[in-house]
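An overview of the molecular structure
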Amino acid sequence: MEMRKPGNRNTALKIGPAGYGALTLLLSIWSQQLLASSNCSFTGGGPETFTFPSPISVPRDNTATMTPLSSWVSGAAVTNIYTCTSDSNTKVGIGLKFPSLAQAGSYTEGGLTYKVFNTGLAGVGIVYGYRLYSAGPHCADAGGINGWGPWSASPGVNPYNFAYCYSVESTSSTYGAQLQARLIKTGKIAAGTMPSLTLSYTALYTDGNYSTGVGSTNYLVSSVNFQALGCTADGADVILDVARKADFTAATSVKTKPFQFTLRNCPAGMNSIKYQLDPIGTIINATDGTFQNATGTDMAKGVGLRITNEANTAPIRFGDASYVVSDYSPTSGNSSLPIKMNVSYYRTGTAAQVTAGKVRGTAQLTVFYL
């Protein structure tokens, strides 16, 4: 069949065997990447609380640091906090969150160094160790941790300690944890209460990501009361014998009289008790234990006071806190502990400068419970 249109170039549409068009079918086959997948459930329990003995008694003035205040308190070994079915090269596991507490230092025990965290009470820190459990195929090379380890993460890019299994086929696995904690002395402790706190919590680990969406176990620490150990103390009024001006002609210290302070009801548990003596008044010579007489119209001139040890063989050095209450027992009752001294008149100048009048002075005992 032929068709023509006047005025145009001849065009033809031929239908027939020669006019069959070729039919080309393009079949594109795209391969889909198999996505990693996991199905996990939370099979752990509710919050776990670490409870330390309370109250804890501490020496009031002890400044030692990084020493234990308690024994280790261990939580339950829960091996199935998370139960997972995973496949296709999926990394699945468990993470422990870095504590949201300031670090106070480090504590070493049994060859392990632990980070010490502040608890909210000055002088009281806490450390903890952990075990992470991973059970199932393909866990051996993924770092399943069964021995106690110190906290090693930091609050930076990856604030978790973790263990996981790396599945290359469909498999089931479980993940769990166990924690232990101990209170550590970080400095001087006053009486008070360590507040309760959250130490850590678990998260599900999947291919480098952490989530508490399916559930989490929180690890809590209960509050602890701290008592400062100490004694009660009794002083004494000392009445010196009358002295005459002539008594000072041949000696600078005269009319010596013994006296004592007494510590009572000192509890066991302290390492030692120390003390220092200081006059309330003007010191003449601190290393010689001498201080001035009180001032006033009826006070003697040229005369002060001197304090010496129990044997009257050496002065009591003012401001020196190294004197030890030698009779204190750290393991038994201490109902009465005497601190014995001597006091005498002390000539501050020449014998001619001594004038009649009263002599009065006051000394203060400061006790340190270590």
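See the structure printed just above.
Let me begin by describing the structure that accompanies this report. Quick caveat: nothing in here was measured; it's all calculated off a predicted structure.

Topic: the overall build of the chain
Scanning the chain for helices and strands turns up 0 helices and 27 strands. Considering the chain as a whole, with its 370 residues, one finds that 38% of them fall into the buried category. Partitioning the intrachain contacts of the chain with sequence separation of at least 6 by distance along the chain shows that 79% fall at a separation of at least 24. Summing over all exposed atoms, the chain offers an accessible surface of approximately 20,000 Å²; the carbon and sulfur share of this is 51%.

Considering unusual backbone geometry
Here the residue pair S54 and P55 is connected by a cis peptide bond, since its omega of 5° sits within 30 degrees of zero. One can find P55 in the loop between β2 (48-50) and β3 (56-59). Positive phi values are uncommon outside glycine, yet N265 reaches one of about 55°.

Section: the packing of aromatic side chains
Using the criterion set out here, one finds 16 aromatic pairs in the structure. Seen in terms of ring centroids, F291 and F318 are 5.9 Å apart; in terms of plane orientation they differ by 70°. Their pairing is edge-to-face. Placement of F291 in strand β23 (residues 290-292) and of F318 in the loop between β24 (303-309) and β25 (323-324) is noted, with a sequence separation of 27 residues between them. Assessed through its relative accessible area of 3%, F291 is described here as buried. For F318, a relative accessible area of 8% puts it in the buried group. Following the ring pairs from residue to residue traces out a cluster consisting of F98, F117, Y128, Y130 and W151.

With respect to the state of the cysteines
Following the criterion strictly, the structure yields 2 disulfides and no others. Covalently, C40 is tied to C84 through a disulfide, its sulfur atoms 2.1 Å apart. Taking the sign of the S-S torsion, about 120° here, the bridge from C40 to C84 comes out right-handed. Remark: C84 occurs in strand β6 (residues 78-87) and C40 occurs in strand β1 (residues 37-42); sequence separation between them is 44 residues.

Notes on the pairing of strand β21 (residues 273-279)
Most of β21 sits out of view: 6 of its 7 residues are buried. Pairing between β21 and strand β27 (residues 363-369): 7 bridges, direction antiparallel. Bridged to Y275 within β27 is V367. Sheet analysis places β21 next to β25, joined by 2 bridges and oriented antiparallel. When the sheet's bridge partners are listed, K274 is paired in β25 with V324.

Reading the values: the criteria
Going along each chain's sequence as written, the residues are numbered from 1 onward. Local features in this predicted model are restricted to residues whose pLDDT is 70 or higher, and side-chain atom pairs enter the listing and the counts only when it is 80 or higher, whereas totals over whole chains, interfaces and linings include all residues. Hydrogens and waters are ignored; side-chain quantities use all the structure's heavy atoms. Only DSSP runs of H or I covering at least 4 residues are called helices, and only runs of E covering at least 2 are called strands; the numbering of each starts at the N terminus. Partly exposed residues are those whose accessible area sits between 20% and 50% of the maximum for their type, while under 20% is buried and over 50% is exposed, using a 1.4 Å probe and protein chains only. By the convention used here, residues are in contact when the closest approach between their heavy atoms is within 4.5 Å. Note on areas: Shrake-Rupley with a 1.4 Å probe; residue coverage comes only from the protein chains shown. Any pair of Phe, Tyr and Trp rings, taking the six-membered ring for Trp, is counted once the centres come within 6.5 Å. Such a pair is stacked with planes under 30 degrees apart, edge-to-face with planes over 60 apart, and tilted for the rest. The disulfide criterion is simple: two cysteine sulfur atoms within 2.5 Å. Two strands qualify as a pair provided that DSSP identifies no fewer than 2 bridges between them.

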